Amino acid sequence: MQIIESGNVAAALGVKLSRAQVIAAYPITPQTPLTEKLSEIIEAGDMTAEYIPVESEHSALAICIAASSAGARSFTATSANGLLYMHEQLHWASGARLPIVMCVVNRGVGAPWTVWNDHQDSMSQRDTGWIQIYANDHQQIIDSVIKAFALAEEVMIPVMVCYDGYLLSHTYMPFDIPEATLTDSFLPPYRPAYCLDPDEPANLNTVTLSDVRTDINGVKAHGYMEIRHLLQQDMLASMDAIERVDSRFKNIFGRGGSPFIESYRSDDARFIAVGIGSLSYHLRDVVDDLRDEGISVGVMSMQLYRPFPYQAVAKALKDCQGVIVFEKALSYGYQGPVCSDIKSALYHYVGPEGSRPFVLNYILGLGGREILTKDLYEGLKLSCTTKPSSPDKPRWIGLKL
Amino acid sequence: MHTKTNILSLPEEELVYPGNRACAGCALGIAYRIGLKALGKNTIIVVPPSCLTVLQGLYPIAATKLPCLNVTFASTAAAATGLLGALKARNRKGINVVGWAGDGGTSDIGLQSLSGACERGDNFLFVCYDNEGYMNTGVQRSGTTPIGALTANTPIKGKLQRKKDVPAIMSAHRIPYVATCSAAYPLDLYDKIKKALTYEGVKYIHIHTPCPPGWGFEPRYAVKIGKLAVETGLYELYEVENSNVRLTGASEKLMEKRRLLPARDYFRAQGRFAILTDSQIEQQQQEVNARWEAYFNTTEDPDEDTPD
Ligand SMILES: Cc1ncc(C[n+]2csc(CCOP(=O)(O)OP(=O)(O)O)c2C)c(N)n1
Ligand code: SF4
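Residues numbered from 1 in each chain as written. Chains lettered and ligands numbered in written order. Predicted model: local features only at pLDDT ≥ 70, side-chain atom pairs only at ≥ 80, totals over all residues. Heavy atoms only, no water.

### A few points about the overall build of chain A
Filter applied, for reference: Helix numbering and strand numbering both begin at the N terminus, where a helix is a DSSP run of H or I of at least 4 residues and a strand a DSSP run of E of at least 2. C-alpha atoms define the radius of gyration, and 2.2 Å times the number of residues to the power 0.38 defines the globule rule. Accessibility here uses a 1.4 Å probe with only protein chains present; expressed as a share of the type maximum, an area under 20% marks a residue as buried, one over 50% as exposed, and anything in between as partly exposed. Contacts are assigned to residue pairs with any non-hydrogen atoms lying within 4.5 Å of each other. Accessibility throughout is a Shrake-Rupley quantity obtained with a 1.4 Å probe, and a residue counts as covered only by protein chains that appear here. We count Lys and Arg on the positive side and Asp and Glu on the negative side, and we leave His and both chain ends out. Taken as the charge location is NZ of Lys, CZ of Arg, CG of Asp or CD of Glu.
For chain A, the helix and strand inventory stands at 13 helices and 18 strands. For chain A, whose C-alpha radius of gyration is 21 Å, the value lies close to the compact-globule estimate of 21 Å for 401 residues. Here the C-alpha coordinates of chain A stretch approximately 70 × 55 × 45 Å along the principal axes. Expressed as a percentage of the 401 residues in chain A, the buried residues total 57%. By sequence separation, contacts in chain A at least 24 residues apart represent 78% of the contacts at least 6 residues apart. Carbon and sulfur atoms provide 53% of the accessible area of chain A, an area that totals close to 16,600 Å². Separation between the mean location of the 33 positive side-chain charges and that of the 46 negative ones in chain A comes to 7 Å.

### Notes on helix H2 (residues 32-43) of chain A
All names here are of chain A. Formally: Here the expected span of a helix is defined as 1.5 Å times the quantity of residues minus one.
Its 12 residues give H2 an end-to-end C-alpha distance of 16 Å, which sits within 8% of 16 Å, the value for a rise of 1.5 Å per residue. Looking at the buried positions of H2, the neighbouring elements they touch are helix H1 (7-17), strand E2 (22-25), strand E3 (50-53), strand E4 (74-78), strand E5 (101-106) and strand E7 (159-164). Looking at the residues trailing H2, positive phi occurs at glycine 45, about 80 degrees.

### Let's talk about the domain arrangement of chain A
Residues and elements named next belong to chain A. The line we're drawing: Domain start and stop points were drawn from an automatic or database domain assignment. Here the quantity called buried area is the accessible surface, traced with a 1.4 Å probe, that two parts lose on coming together, added over both. Put simply, a salt bridge is a Lys or Arg side-chain nitrogen that is within 4 Å of an Asp or Glu carboxyl oxygen.
The domain boundaries assigned to chain A delineate domain 1 (2-186) and domain 2 (262-396). One C-alpha centre belongs to domain 1, the other to domain 2; they are set 28 Å apart. Facing the 20 residues of domain 1 at the interface are 25 residues of domain 2. For the pairing of domain 1 and domain 2, the buried interface totals around 1,800 Å² over both sides, and the portion due to carbon and sulfur atoms is 51%. Three residues, Met123, Arg126 and Asn136, lead the burial of domain 1 against domain 2; their summed loss comes to 32% of the area buried on that side. One can count 1 salt bridge joining domain 1 with domain 2. The partner of aspartate 341 in a salt bridge is arginine 126, with the nearest N and O atoms 3.7 Å apart. Contributions of two or more residues to the side of domain 1 that touches domain 2 are made by helix H6 (120-123) and strand E6 (131-134).

### What to know about the site of ligand 1
Threshold: Distances are taken per atom, and a residue is near a molecule or strand as soon as one of its heavy atoms is within 4 Å of it. Pairing of N or O atoms within 3.5 Å defines a polar contact, subject to two protein rules: one partner must be a possible hydrogen donor and the other a possible acceptor, and residues neighboring in sequence count only if both atoms are side-chain atoms. Residue classes follow a fixed rule: Ala, Val, Leu, Ile, Met, Phe, Trp, Tyr, Cys and Pro count as nonpolar, while Asp, Glu, Lys and Arg count as charged, and any other residue, Gly among them, counts as polar.
Near ligand 1 you find 17 residues, and of these Gly104, Gly105, Tyr129, Gly133 and Asn136 of chain B are the closest. Chains contributing residues near ligand 1 are chains A and B. Contacts to ligand 1 include glycine 105 of chain B, whose backbone N or O atom sits 2.8 Å from an oxygen atom. Residue asparagine 136 of chain B places a main-chain N or O atom 2.8 Å away from an oxygen atom belonging to ligand 1. Here the shell around ligand 1 is built from residues that sort into 7 nonpolar, 8 polar and 2 charged.

### Section: the interface of chain B and chain A
Each side of the interface is counted separately: chain B has 41 residues, and chain A has 43 residues. In total, chain B and chain A occlude about 3,300 Å² of area from one another, counting both sides; carbon and sulfur atoms represent 63% of this. In terms of surface lost to chain A, no three residues of chain B exceed Tyr59, Thr72 and Arg90 of chain B, which account for 19% of the buried area on that side. In this assembly, chain B and chain A are joined by 5 salt bridges. On inspection of chain B and its partner chain A, the count reaches 15 residue pairs in polar contact (both at pLDDT 80 or more). When contributions to the side of chain B that touches chain A are tallied by element, the ones reaching two or more residues are strand E1 (43-47), strand E2 (68-70), helix H3 (76-89) and helix H5 (111-120) of chain B.

Given below as structure tokens:
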């Protein structure tokens, strides 16, 4: 069924269709309407789930961690400082290999306070062992939430579904709500291999030594490093699972097909602009204009940021002349995190004349600074037409010092 | 009147294996062993980092026969709520959910999530074992370290502030059951846990838990020190049932007999109070006397003739 609704409602409907069993919620702008909507759906009796209004985000994820350990499909959502407040719990959830799904409605982080959109919140959590998916529009939000549960439960790694605060969370767009009977067949009830139960006692997340150790039957058990190595291996291997889940979804619902990156007018492009979320659609408009002027340029959006789809990224970018990465986040003291990762993915791909594409970085839109089409147009055009100088230093768009 | 458990009626089954990793003479070992007997097998325990994490064993060996979830330091109570949510979703009924944390994990870093759970009225038991300091990290001061105690980070002057009254904070949430216990009175602890489990909502049990290396006494004296704390009147055993306060067990007897041991006996038996001067001890004695005078006034003096 097609409806016109906000991005937050799209996410809430995705959670409803996924039949999450335990939902922990703490308010923070611009996530709040999502968990409010869920409380309304549950109070109205349209969904059976435990809705737990916690006293902090740290506790929100604690609830999900415990509920997931005890075998329930668990969901929470947050933004900005709420996500940062969860930091310790993010590592705990992935270390404990729990298939929690969380929506991160992207917002800039304090200080100073801002409630508006950028990507610093989720980008700064990239090393916590969570899968990170970014949605570009409302349809992708609802679809990604449903796919995220299927993925998380297959690979036993928690998943963040990230989307732009306000630009997507509070704007209204048409999208299709998948049929509940179809989502039920796509996403069967959660059946973990083990969950906490007095009938089968186990001690989870115990202190684990540096070295391997035998159990009481003399069988070798992993040490801390083996457990962590397996997280890394499974995280990398999850890219196959992501493709499988995406194609299963596409077979049923007819949408998807580009779970890693989404390319626009890129096949023959000499230059490729890279963006995340709604910005990538904004860049499409700019690229259309530049194409009209005869500049061979396309857009690539990152749909998946962790695990980093380095092969897909390299394949898409290695043969072009220049890559221009537009970012709403910064690794302070260096450059945008996506820019660094793209450079590293391209490192092994050297062209016939010993050349690689140049990679430029633009920082823009921090704390919701308006991104003018004119500025994107000028920045991208300049980058496609002049030889870049000091490419390692990010340039800033829209700065008014 | 509920029947009191005695040593003969205590369940024989052990849910804590012998030979765990607690220090020799650790009173937590007593409290945990007896506590789990009271909880029984149909229980899931939540444990934050603390001496109990160590007692529980190192992967892949565990010291308890119950399912246990180790969680982050601040999140014991919230995790207990999460377990309840999952059990309800899975339609698993009659399982006790229990958070078992140290005093730091309860009175300091864990207080916010515990308070949140109390306000929501989630149905679990929270046990705080109070060894009056951050023992796992090497005996630093906590909110419940008593005034005057030397710790690793109050090494010269001793702690300058009073002990935080956590059971009173819990009572202020108007949860249905709050009780204080001591590891030195394990049967009282057993009965109070049993009683707690009959209530719906958050139940809170605070256990005074002497710690030989942290408090500076020989391992064999853990029970003796625990009893001294009660018999000097410094630590009261009581229950708050639906907001009604009542001294219990050894403290109730003390009230009836109207005879406290000198506080000095307790302080002088422990290295951590070595810098307390006689006048500081006297000052604490005055405070205990004043507190107990109020208790005495609520009962009749056994030495006075009772009028017919
Ligand atoms: C967030 C966080 N901060 C600090 C620590 C370090 N830490 C681990 S155990 C502990 C002390 C625990 O004290 P308490 O709760 O009183 O239990 P005890 O060790 O005394 O039994 C501390 C400070 C931690 N694990 N996590
Ligand atoms: S330090 Fe104290 S509380 Fe901790 S295990 Fe040793 S005796 Fe027990």
